[in-house]
Amino acid sequence: MKALTSIVAYNLLSVHRLDAFAPPYPLSLSPRNAIKPRWKTTPNYATTTSSSSSSLSSSSSATTYDLVVIGGGSSGLTAAKFARTFGKTVCLVECSRIGGDCTWTGCVPSKTLLHAAKRAWTWRKMNERYGEGDGDDEDVSGGGRGIMNDACMLRMLRNVKMYVDANRERIYEEDDSPKVLRGLGMDLALGRAPVRWRTLRDPSPGRYMFDRIRGLDDVPFWTYENLWDEGGFFDAVERNHMRGRRMSEMRVIVVGGGPVGCELSQSLSRLGCSVVLICGSARLLPNGEMEASAELKRVFKNEGIDVICDQRVVSVVSLDGETVNRSIMATLESHEPIIGDHILIATGRVPNVERMGLDDIGVKINPVTNGIIVDEKLQTSVKGVYAAGDCTGDRQFTHYAGFQGAIAARNILLPLKDTGVLSEVPSTTFTDPEVASFGLTEQAASDKYGEEAISISFRPLSKIDRAICEGSDGLGFIKIVYKTKSRQILGATVMAPSAGELVSELTAIQAAKMPLDKLATVMHSYPSYSIALQQMAAEVYYDKLKKNQSLYDVLKRAGL
Ligand SMILES: Cc1cc2nc3c(=O)[nH]c(=O)nc-3n(C[C@H](O)[C@H](O)[C@H](O)COP(=O)(O)OP(=O)(O)OC[C@H]3O[C@@H](n4cnc5c(N)ncnc54)[C@H](O)[C@@H]3O)c2cc1C
Ligand SMILES: NC(=O)c1ccc[n+]([C@@H]2O[C@H](COP(=O)([O-])OP(=O)(O)OC[C@H]3O[C@@H](n4cnc5c(N)ncnc54)[C@H](O)[C@@H]3O)[C@@H](O)[C@H]2O)c1
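It should be emphasised that the depicted structure is a prediction, and the values quoted were computed from it without experimental measurement. (Residues numbered from 1 in each chain as written. Chains lettered and ligands numbered in written order. Predicted model: local features only at pLDDT ≥ 70, side-chain atom pairs only at ≥ 80, totals over all residues. Heavy atoms only, no water.)

**Comments concerning the pattern of salt bridges**
Working step 1: The tally for this structure, following the rule as stated, stands at 26 salt bridges.
Working step 2: The salt bridge partner of Glu-238 is Arg-158, with a shortest N-O separation of 2.7 Å. Note that Glu-238 is positioned in helix H6 (residues 233-242) and Arg-158 in helix H4 (residues 150-176), a separation of 80 residues in sequence.
Working step 3: Classification of Glu-238 by relative accessible area gives partly exposed; the value is 24%.
Working step 4: Given the relative accessible area of 40%, Arg-158 is considered partly exposed.
Working step 5: In this structure, Asp-341 engages Arg-245 in a salt bridge whose closest nitrogen and oxygen atoms are separated by 3.0 Å. (Salt bridge = Lys/Arg side-chain N within 4 Å of Asp/Glu carboxyl O. Helix = DSSP H or I, 4+ residues; strand = E, 2+ residues; numbered from the N terminus. Buried < 20%, exposed > 50% of the residue type's maximum accessible area, 1.4 Å probe, protein only.)

This is the structure in structure tokens:
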């Protein structure tokens, strides 16, 4: 029996020497302590190893690994796969479902739902725009013409539920299942869960500007975690139908105007529910450009979502027994009551790093974010213990978690070290239109470099031919912030269909340190959305030329 020499902890990572895990350090991999997978079709991999002769036991001193990864989410999986690419021995410890939030409760189900919602919405828009315009109001879910009738919507939603399940399973089976991971030569172990993400109810002081929502413990509520499964949205739709109510009569209160609240509000609304979105901050997507928040609010209002900004929900109470129609009442700071059938809490997530024994080995936690403190190479306050992904309390994105997982593993296993904490991380909120951004907002750039030193290139969607062809309502834009003198891009926000793809081009230009005006000479096809980037760059290029106009006139007169 060899000793456990290193551990990459949690959703991700810590690598540590054996002595750190000597009792009383509570890492336990024994099946006795293991939490059973919540996902019924997940094979029981409580203790599975790639070699039949070795098996992890509660002594946790069975095997030596180059790397032990705790947490099989985006960051942990990337780290473990990185290690195998370099032929290192690795054990992945997962307390629940391999794949983490992204596969099971985050990106994959939410984007599947958004896609279905977009299809339903497009169907409705097609009817309004090109249809006969004499839709039958009798059996429609929203009471307007061209809206999918309830029976049709119900059938569609049953299929959507199947797709949500199938997509999660597919990604799991193809990329992350024990079979695949063992095939890569990893050992797997189901460990107990001293650390879990939880939906934020008691925010750490300082980071979130709101208080506890009173009464939340006593009412049934949805979060991004339980929305997809038993008792979640799809069950509610069935119950609503059995009660003989229309989809539009199912009223959902969504609390939180961040990416989760915005994406899910639009999905539920487009799938026929009546939605009220309550946002504690002054605007939706509060960390981005003002224009995006304002335009998105307009999009939502046009689609029939009630948006209330700058109002926190302070308490919730169950109305069961008091009214047959509605079951939840949320009270705002202003004392205004908001009544609905269901409440979805999307008020942010914090790392739940208590009870992991991190204190015992000296790993420090940031009291404000509740994240594991790491340096720029992702090492924690304990030498050899690394952390990556959401557990660091940094920006919560799958691509960033994966990137950090790879860098942490690389820094642990290979010589020298790379930087794993980035100042700028691109992100996309997958509403329709999408809102994508990277780098500095206008305000942040102005604060950093001074108003005079920066310039803005702005184009509304209404001036983009492709958007006009597609019958866009003109809500959306491309905004590029750049340095006036060098024309280096500092940041950009795109609100448009496929904004996430568009912004990648600008990210690449920035990374290549190419001045914005150079893009004017890079051909884009017409009428793509991306040709707007070339046109915007051309304007910057012409401006540059205009500044030299008198010189050009002289040179031209000289026959050059
Ligand atoms: C609704 C929603 C939609 C989202 N959509 C997007 C999107 O479109 N794009 C995007 O980039 N990001 C999105 N995100 C964010 C993204 O899901 C996360 O940033 C990402 O999943 C983080 O990966 P991670 O590996 O750091 O953590 P996690 O995915 O949380 O993985 C951690 C893993 O560790 C396990 N674990 C925890 N503690 C222990 C322990 N002590 N022992 C063993 N195992 C343990 C957990 O069970 C889990 O499997 C979304 C999030 C939500 C909630
Ligand atoms: N497409 C994506 O990349 C994507 C999608 C979903 C989530 N995520 C990530 O997941 C994380 C969690 O997202 P989130 O949207 O849950 O959190 P968030 O922290 O981004 O937003 C929380 C929102 O809830 C509001 N709020 C908090 N308490 C409130 C109250 N009592 N009443 C009313 N409003 C209240 C806040 O003002 C804020 O607008 C984020 O870091 C996000 O980046 C990313």
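Still more ground to cover, so stick around.
**Quick word on unusual backbone geometry**
Working step 1: Residue Pro-433 follows Asp-432 across a cis peptide bond; omega there is 0 degrees.
Working step 2: The residue Pro-433 is located in the loop between strand S14 (427-429) and strand S15 (434-439) in this model.
Working step 3: Cis rather than trans, the peptide bond between Tyr-526 and Pro-527 has omega equal to -5 degrees.
Working step 4: Counting through the fold element by element, Pro-527 comes out in the loop between helix H12 (499-511) and helix H13 (531-547).
Working step 5: One non-glycine residue with positive phi stands out, namely Ser-498, at about 55 degrees.
Working step 6: Mapped onto the secondary structure, Ser-498 falls in the loop between strand S18 (489-496) and H12.
Working step 7: Note on Ser-498: relative accessible area 39%, which makes it partly exposed.

**With respect to the sheet that holds S15**
Working step 1: Reading across from one edge, S14-S15-S18-S17-S16 is the order of the 5 strands in this open sheet, with antiparallel pairing throughout. One side of each edge strand has no neighbouring strand; the edge strands of this open sheet are S14 and strand S16 (454-460). On average, each strand axis in the sheet is inclined to that of its neighbour by 10 degrees, with strand direction left out of account.
Working step 2: Across 7 bridges, the pairing between S16 and strand S17 (residues 477-483) is antiparallel. Residue pairing in the sheet places Ser-455 in a bridge with Tyr-482 of S17.
Working step 3: Strands in contact with helix H8 (residues 290-302) are S15, S16, S17 and S18; relative to S18, the strand with the most contacts, it is inclined by about 5 degrees.
Working step 4: Against the sheet, helix H10 (residues 442-449) makes contact with S16, S17 and S18, and its axis sits at roughly 170 degrees relative to S16, the strand it touches most. (Pairing = 2+ DSSP bridges. Axes fitted to C-alpha atoms, helices over the stretch in contact; angles between N-to-C directions. Contact = heavy atoms within 4.5 Å.)

**Let's talk about the sheet that holds strand S9 (residues 313-318)**
Working step 1: Ordered by their spatial adjacency, 3 strands build an open sheet running S9-S10-S11, and the pairing between neighbours is antiparallel. Edge strands, defined here as strands with exactly one partner in the open sheet, are S9 and strand S11 (337-340). The mean inter-strand angle of the sheet, taken between neighbouring strand axes irrespective of direction, is 20 degrees.
Working step 2: The pairing of S9 with strand S10 (residues 328-332) spans 5 bridges and is classified as antiparallel. Looking at the pairing, Ser-315 lines up with Thr-331 of S10.

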